[in-house]
Amino acid sequence: MCYVMQFGVKLLVLVSLQSAVAINWKNNACHNIFSYYFSAVSRNCYENDDVRPNDLPSISKRHGYDTETFTLTTGDGYELHLYRMSSTNTQTTKIPLFVLHGIAIDVESWVDIGNRSLAFNLVDGGYDVWVGTLRGTIDSNKHKTLTVNDPEYWNFNLDTITKEDLRIQLEFVANATQEKAVIVAHSMGCTLSFMFGSEYPDRANQLIKGLVALAPVVYLDDVPFTTSALLWAMPLIQIFKAFNIKGLLYHEKLVHSFETHVCKLLPNLCYFLVSTASGKTKQFAPEDLLLFTSYWPSGVSVYQLEHFLQISKDHKFQKYDYGTHKNKEIYGTENPPVYNLTNVQFPVSLFYGTHDVLFLQKNIDRLFNELGSSQKYKISVPRNAGPEYGYSHIDFLWSKNLHKFLYDDVFEKLDLIINDSKGPEDSEDSEYFEG
Ligand SMILES: *[C@@H]1O[C@H](CO)[C@@H](O)[C@H](O)[C@H]1NC(C)=O
Ligand SMILES: *[C@@H]1O[C@H](CO)[C@@H](O)[C@H](O)[C@H]1NC(C)=O
Ligand SMILES: *[C@@H]1O[C@H](CO)[C@@H](O)[C@H](O)[C@H]1NC(C)=O
Ligand SMILES: *[C@@H]1O[C@H](CO)[C@@H](O)[C@H](O)[C@H]1NC(C)=O
């Protein structure tokens, strides 16, 4: 109690000081959480231009990278941006990579931490980097006839995004490059890639050369975070649905502006919330705090969230569960069909963090064992540091020592995929695209 009061008084003093000192909001990045209280005057703080409002092409340009933007329209009318990145300083000598973001996060998360950003490092490594986007996020929130304010816009689940968004972007990359791409995905991006490999193995064989899966989400059996979400988030989702609220958080500018102001005023609280949602680790870089809140969260459908919770509840990697009656109509069975991971044949590297709130070793092992791939790897990140340094869910995107702890291993696995596919099989595959 005494501690709480002390903390309260400290907070009050700090907030008043902040209001007194920081008349303007200059300086939006600090080297430690505490300095945010004095960001306007602290020598530990600086102004970072990559904090909102920014889009991927403009951030990339500021750091010396060029972007080509394509707009693809899916079969069900969603207009998605697809970016191809390059640099005048580096020649593209390697295979195409298709970089895919996770749930409720903006694509800018791949380029927002300066020279630590994964997308920049992949371009520097000589890869032909394509960055995909998924419906509902700010880069891809247009539709032929609907707007994000229409509840029908949000009528999609993970099966839909796999079938439409992932497929069309992979096909576009294959058409443009006449090559298969290696997918580099985070979180839900991995979920979708595994769904695609299970559901469309023939297409996957023509389009996907391999998968680098960062913080993959497939099995969520007995994960405390989702098990408790089943108790509070699941009923909430049903209420939203009853009121015909199907899209969440899509007024991004508003959400991010509010979030950024709160985080600047109360950085400890903000950091506490971030680490509760993602996992508390030694890896978080305080200077990334407002970069994180600038690009997360992002528009999401209640069906996407519900789908993940169903997977957690039923201990099955399965299609969306509409309820017995409608399942029979749609699938012909009372229960939704299960995604058969034996069908996934492309090489897979699973990079997971032991401090990720969605991580349980048994679930990673189950996924690993069920994959049909003849080439598969499990890598706990970081590999060579102590267990106390294990990554959280977002450390894969925002953390301090990404080169040493993650990228070196990612590059090695990418090399392995390239080296292994230099066989006679490969020439057969490329014929497909010429036909
Ligand atoms: C990355 O950028 C920072 C400043 O933004 C600089 O100090 C550092 O030397 C750069 N590192 C590399 C490897 O270029
Ligand atoms: C890829 O090329 C095929 C054959 O030309 C075409 O039918 C298909 O629509 C193209 N797909 C995309 C996404 O551009
Ligand atoms: C999954 O597919 C494999 C063949 O691809 C088959 O042998 C196996 O029985 C399937 N498993 C399930 C649960 O359907
Ligand atoms: C891939 O091949 C290159 C050149 O042959 C070699 O230097 C590199 O060590 C190989 N990488 C892996 C991971 O096998």
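Criteria and cut-off values
Residues numbered from 1 in each chain as written. Chains lettered and ligands numbered in written order. Predicted model: local features only at pLDDT ≥ 70, side-chain atom pairs only at ≥ 80, totals over all residues. UniProt positions renumbered as here; feature names shortened; annotations may be inferred. Helix = DSSP H or I, 4+ residues; strand = E, 2+ residues; numbered from the N terminus. Rg over C-alpha atoms; globule rule 2.2 N^0.38 Å. Buried ≥ 20, exposed ≤ 12 C-beta atoms within 10 Å, placed from the backbone. Contact = placed C-beta atoms within 7 Å. Core = buried A, V, L, I, M, F, W, Y, C linked by C-beta atoms within 7 Å. Expected span 1.5 Å × (residues − 1). Bend = angle between axes of the 7 residues up to and from the residue.

- The name given to the protein in an unreviewed UniProt entry is Lipase, with Zophobas morio as the source organism.
- A UniProt comment under Sequence similarities (unreviewed entry) is attached to the protein, and it reads "Belongs to the AB hydrolase superfamily. Lipase family."

Points about the overall build of the protein
- If you tally the helices and strands in the protein, you get 15 helices and 13 strands.
- Computed over C-alpha atoms, the radius of gyration of the protein comes to 22 Å, within 12% of the 22 Å expected from 2.2 N^0.38 for 435 residues, which places it in the range of a compact globule.
- Expressed as a percentage of the 435 residues in the protein, the buried residues total 44%.
- In the protein, 76% of the contacts between residues at least 6 apart in sequence involve partners at least 24 apart.

Structural notes on the nonpolar core
- Counting residues in hydrophobic clusters, the biggest one holds 109 residues, and the most contacted among them are Leu97, Val99, Ala119, Val129, Trp130, Val131 and Ala181.
- With sequence-adjacent residues up to four places away left out, alanine 181 is seen in contact with Pro96, Leu97, Phe98, Trp130, Leu170, Val173, Ala174, Ile208 and Lys209.

Thoughts on the UniProt feature "domain: AB hydrolase-1" (unreviewed entry) in the protein
- The sites that UniProt annotates as "domain: AB hydrolase-1" (unreviewed entry) are residues 96-367.
- Taken as a whole, residues 96-367 contains 46% helix and 12% strand, while its terminal C-alpha atoms sit 26 Å from one another.

Here's the deal with the UniProt feature "active site" (unreviewed entry) in the protein
- Using the residue numbers shown here, the UniProt feature "active site" (unreviewed entry) corresponds to Ser187, Asp356 and His393. Separation in sequence by 207 residues is not matched in space for these annotated residues, since their most distant C-alpha atoms are only 10.7 Å apart.
- Note on placement: aspartate 356 falls in the loop between strand E12 (348-352) and helix H13 (361-370).
- Exposure remark for aspartate 356: the 26 C-beta atoms within 10 Å place this residue in the buried category.
- Not counting residues within four places of it along the chain, the set of residues in contact with aspartate 356 comprises Ala215, Gly279, Tyr391, Ser392 and His393.
- Positionally, histidine 393 belongs in the loop between strand E13 (376-380) and helix H14 (402-420).
- Residue classification places histidine 393 among the buried positions, given that 24 C-beta atoms sit within 10 Å.

Details of helix H9 (residues 267-278)
- Between its first and last C-alpha atoms H9 spans 16 Å; for twelve residues at 1.5 Å apiece the expected length is 16 Å, and the two agree.
- Each element contacted by the buried residues of H9 is listed here: helix H8 (252-265) and helix H10 (289-295).
- Phi for glycine 279, located one or two positions after H9, is positive at around 125°.

A closer look at helix H4 (residues 158-177)
- Between the first and last C-alpha of H4 there are 27 Å, a value that for 20 residues agrees with the 28 Å anticipated at 1.5 Å per step.
- The principal kink in H4, of about 30°, is found at arginine 167.
- Regarding H4, the residues found buried are Leu158, Ile161, Thr162, Glu164, Asp165, Leu166, Arg167, Gln169, Leu170, Val173 and Ala174.
- Within two residues after H4, glutamine 178 carries a phi angle of roughly 60°, on the positive side.

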